[in-house]
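One-letter residues, chain by chain:
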Amino acid sequence: MPLLIRGGRIITASDDRLADVYCEGETITRIEPSIDPRSLPAGGAGVEVVDASGRLVFPGFIDPHVHIHLPFMGTHAKDDYESAGMAALVGGTTTLIEMICPGPKDEPSAAFDEWRSKAEGRAAGDYSFHMAAVRFDELARRQLREIVEDGVASFKVFLAYKGALNLNEADLFALMEMAGSLGVIVTAHCENAEAIAAMQARLIGEGRTGPEWHEPSRPTIVEAEGVRRITTFAELTGAHVYTVHTSCAEAVREAVEARLRGVNVWVEAVVPHLTLDRSFAERPDFEGAKYVMSPPLREKRHQDFLWNAVRAREIATIGTDHAPFDFRGQKDMGRDDFTKIPNGVPSLQERIALVYTHGVAAGRIDLHTFVDACSTQAARIFGMYPKKGTIAVGSDADLVVWDPDWRGTLSRRTSLSRVDYCAFEGWPVQGRASVVTLRGEVQVRDGAFVGTLARGRFIPRKPTHF
Ligand code: URP
Ligand code: ZN
Ligand code: ZN
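Residues numbered from 1 in each chain as written. Chains lettered and ligands numbered in written order. Predicted model: local features only at pLDDT ≥ 70, side-chain atom pairs only at ≥ 80, totals over all residues. Heavy atoms only, no water.

*Asks:* Explain the packing of aromatic side chains to me, please; I cannot follow it from the model alone.
*Replies:* For any pair of aromatic rings, the description rests on two quantities: the centre-to-centre distance and the angle between the ring planes. Applying the stated criterion across every chain, the model contains 20 aromatic pairs. Plain terms: the ring middles of Phe 173 and Phe 233 are 5.3 Å apart, the flat faces sit at 75° to each other, and that makes the pair edge-to-face. Of this pair, Phe 173 sits in helix 4 (residues 169-182) while Phe 233 sits in helix 6 (residues 220-237); the two residues are 60 residues apart in sequence, bridging distant segments of the chain. The partly exposed category is assigned to Phe 173, whose relative accessible area is 25%. Three or more aromatic residues joined by ring pairs form one cluster here, namely Phe 58, Phe 61, Tyr 356, Phe 370 and Trp 402. (Phe/Tyr/Trp six-rings, centres within 6.5 Å; stacked < 30°, edge-to-face > 60°. Helix = DSSP H or I, 4+ residues; strand = E, 2+ residues; numbered from the N terminus. Buried < 20%, exposed > 50% of the residue type's maximum accessible area, 1.4 Å probe, protein only.)

*Asks:* I would appreciate a short explanation of the packing of helix 4 against helix 6 in the present structure.
*Replies:* To characterise two packed helices, one gives the angle between the axes of the helices and the distance between these axes. Helix 6 packs onto helix 4 with a crossing angle of 45° between their chain directions and a minimal axis gap of 9 Å. The orientation of helix 4 with respect to helix 6, classified from their angle, is oblique. Considering the relative orientation of helix 4 and helix 6, their crossing is right-handed. Residues Glu 169, Leu 172, Phe 173, Met 176 and Glu 177 of helix 4 touch helix 6, and the partners they reach there are Arg 229, Ile 230, Phe 233, Ala 234, Leu 236 and Thr 237. Its residues assigned to classes, the contact of helix 4 with helix 6 shows seven nonpolar, one polar and three charged. (Axes fitted to C-alpha atoms, helices over the stretch in contact; angles between N-to-C directions. Parallel < 35°, antiparallel > 145°, perpendicular 65-115°, else oblique. Left-handed = near helix turned anticlockwise from the far one by under 90°. Contact = heavy atoms within 4.5 Å. Nonpolar A, V, L, I, M, F, W, Y, C, P; charged D, E, K, R; others polar.)

*Asks:* Is there a simple way to think about the nonpolar core in this case?
*Replies:* Among soluble globular proteins, nonpolar side chains are generally buried collectively. Counting residues in hydrophobic clusters, the biggest one holds 110 residues, and the most contacted among them are Phe 58, Phe 129 and Phe 370. A per-element tally of this core places helix 4 first, with seven residues. Setting aside its immediate chain neighbours within four residues, Phe 129 contacts Tyr 81, Ile 97, Glu 98, Ile 100, Phe 112, Trp 115, Arg 116, Ala 119, Val 152, Ser 154, Phe 458 and Arg 461. If you look at the next biggest cluster of nonpolar residues, it comprises 25 residues, including Ala 132, Val 134, Tyr 242 and Phe 382. (Core = buried A, V, L, I, M, F, W, Y, C linked by side-chain atoms within 4.5 Å.)

*Asks:* Got a minute to help me understand the sheet that holds strand 13 (residues 241-243) in this structure?
*Replies:* For sheets, the rule is that strands pair by backbone hydrogen bonds, running either parallel or antiparallel. Spatially, the eight strands line up as an open sheet ordered 6-9-10-11-12-13-14-15, and their pairing is parallel. One side of each edge strand has no neighbouring strand; the edge strands of this open sheet are strand 6 (61-66) and strand 15 (317-319). Geometrically, the sheet is characterised by an average inter-axis angle of 30° between neighbouring strands, direction not taken into account. As judged from the six bridges shared by strand 9 (residues 93-100) and strand 10 (residues 126-132), these two strands associate in the parallel manner. Across the sheet, the residue bridging to Ile 100 is Met 131, located in strand 10. Contacts from helix 11 (residues 367-381) reach strand 6, strand 12 (185-189), strand 13, strand 14 (265-270) and strand 15 within the one sheet, and its direction differs from that of strand 6 by about 70°. (Pairing = 2+ DSSP bridges.)

*Asks:* Looking at this model, I keep getting lost on the coordination of the zinc ion (ligand 3). Mind explaining?
*Replies:* Working reference: metal with six octahedral donors, ideal angles 90 or 180 degrees; metal with four tetrahedral donors, ideal angle 109.5 degrees. With distances of 2.0 to 2.1 Å, the protein atoms coordinating the zinc ion (ligand 3) are His 65 (NE2), His 67 (NE2) and Asp 321 (OD). Because the angles between the four donor atoms bound to the zinc ion (ligand 3) fall within 87 to 140°, the donor set is best described as irregular. (Donors = N, O, S within 2.8 Å, 3.2 Å for Na, K, Ca; no water. Tetrahedral: all angles 85-135°; square planar, octahedral: opposite > 155°, others 65-115°.)

*Asks:* Whenever I open this one, the site of ligand 1 confuses me. Can you help?
*Replies:* Taken together, His 65, His 67, Phe 158, Tyr 161, His 189, His 245, Met 293, Ser 294, Asp 321, Ala 323, Asn 343 and Gly 344 make up all the residues around ligand 1. Between ligand 1 and His 189 there is a distance of 3.0 Å, counted from an oxygen atom to a side-chain nitrogen or oxygen. Within the backbone of Ser 294, an N or O atom sits 2.8 Å from an oxygen atom of ligand 1. Contact with the protein chains hides 99% of the accessible area of ligand 1, taken as 260 Å² for the molecule alone. (Near = heavy atom within 4 Å. Polar contact = N/O pair within 3.5 Å; in protein donor to acceptor, adjacent residues only side chain to side chain. Areas by Shrake-Rupley, 256 points an atom, 1.4 Å probe, with all protein chains shown as cover.)

*Asks:* Help me understand helix 6, please; the structure alone is not making it clear to me.
*Replies:* It helps to recall that an α-helix has 3.6 residues per turn; residues three or four apart then point in one direction. For helix 6, built from 18 residues, the straight-helix expectation of 26 Å at 1.5 Å per residue is met to within 8% by its first-to-last C-alpha distance of 26 Å. When we look at burial in helix 6, the residues that qualify are Thr 220, Val 222, Glu 223, Ala 224, Gly 226, Val 227, Arg 229, Ile 230, Thr 231, Phe 233, Ala 234 and Thr 237. One or two positions beyond helix 6, positive phi appears at Gly 238, with a value near 85°. (Expected span 1.5 Å × (residues − 1).)

Here's what the structure looks like:
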């Protein structure tokens, strides 16, 4: 059904104007100051009209860092493509990029097939993948090339998680040489695996076993070293890199320093690091386990630095690193040993409300920076622009009609994720997606999913990082 969004304030990364948006056949076909429905085919009969007066209209938001199907630390993340897709859409996220994270012995092609099979026919929203390289032998080299040809234009590497997802340095260097020649961007979890393993062993040996010791086992310098290493390899190989979930001033500074040397590096921040600090992981009675993620939540002072870096556009994107593990039955596997707490803080549904509340409404960033960081940059960096990430004639009709006056609170009760807690329980938020469309079809109204499951589609991407 054609769709007309009338009277909204259209906000993109660069523009702000009052206009009507008309969508037909999944794409935006007209943007004009005023579109009279009678001027539409058949006099507007059969057109769905959304009144957006008093509302902001954003391009559908893109989360560039999501885990849904995630076998990790001896267990599996709780969401699937239905729950995560609905949670994302209700929160205003129309496209997500999931990390394919196979085990070190798994074949990349088998992993790609497995992850795709979880999404196909089930995804509520549009999706793409980053392909993790956890091994780099001849077979992996060949299969990774095939996966790029099949539409995955970004790799993921882990400098952390010794003995699990970590790629050794020789293989990392060789992978980055290949990525550079293919124009594939390398996204990287930057922490020093060896230093962390040694410090974890030391702390556990001293009887420091609670979740509050997770941060001291991987301090900021460990992350800064990781960023230094990946950007050094980028400088030597010519590969373009993207540092995921960058949590602290020291790590961002390393990336900026590399950029000034001519390295092509983009920086991602994630909602937990922008809104939560390490005191949450220090909560008594093991409650802190809900807030164990890697890199860890930092001292509060880093939050101001991260927000300022978003405002200065030194940080390009804000994602979530949504990694949903239940408090009961999963996080508590590490009750006697913090190194066994599955890492992750879920925030897929909450991301946009939190960034709007703590960023825009708090005066830290303007509306254009908000759209840029939460949508446009992810589309540009990962080869989806201008199909995704903006409001323009020819773009997919992924639109978020935002009510800036809505007030509410975040809670497990209203969360569509299957995880058993909300890390932001009771937090007040300002603004809500009152209507969300995915390729021209209304999927969300007033906080409720009203759309079609399985409407989500794989978005193939071509390499752009030459
Ligand atoms: O704590 C985190 N970040 N869990 C998910 C895996 C990863 O490192 O992204
Ligand atoms: Zn990570
Ligand atoms: Zn992650």
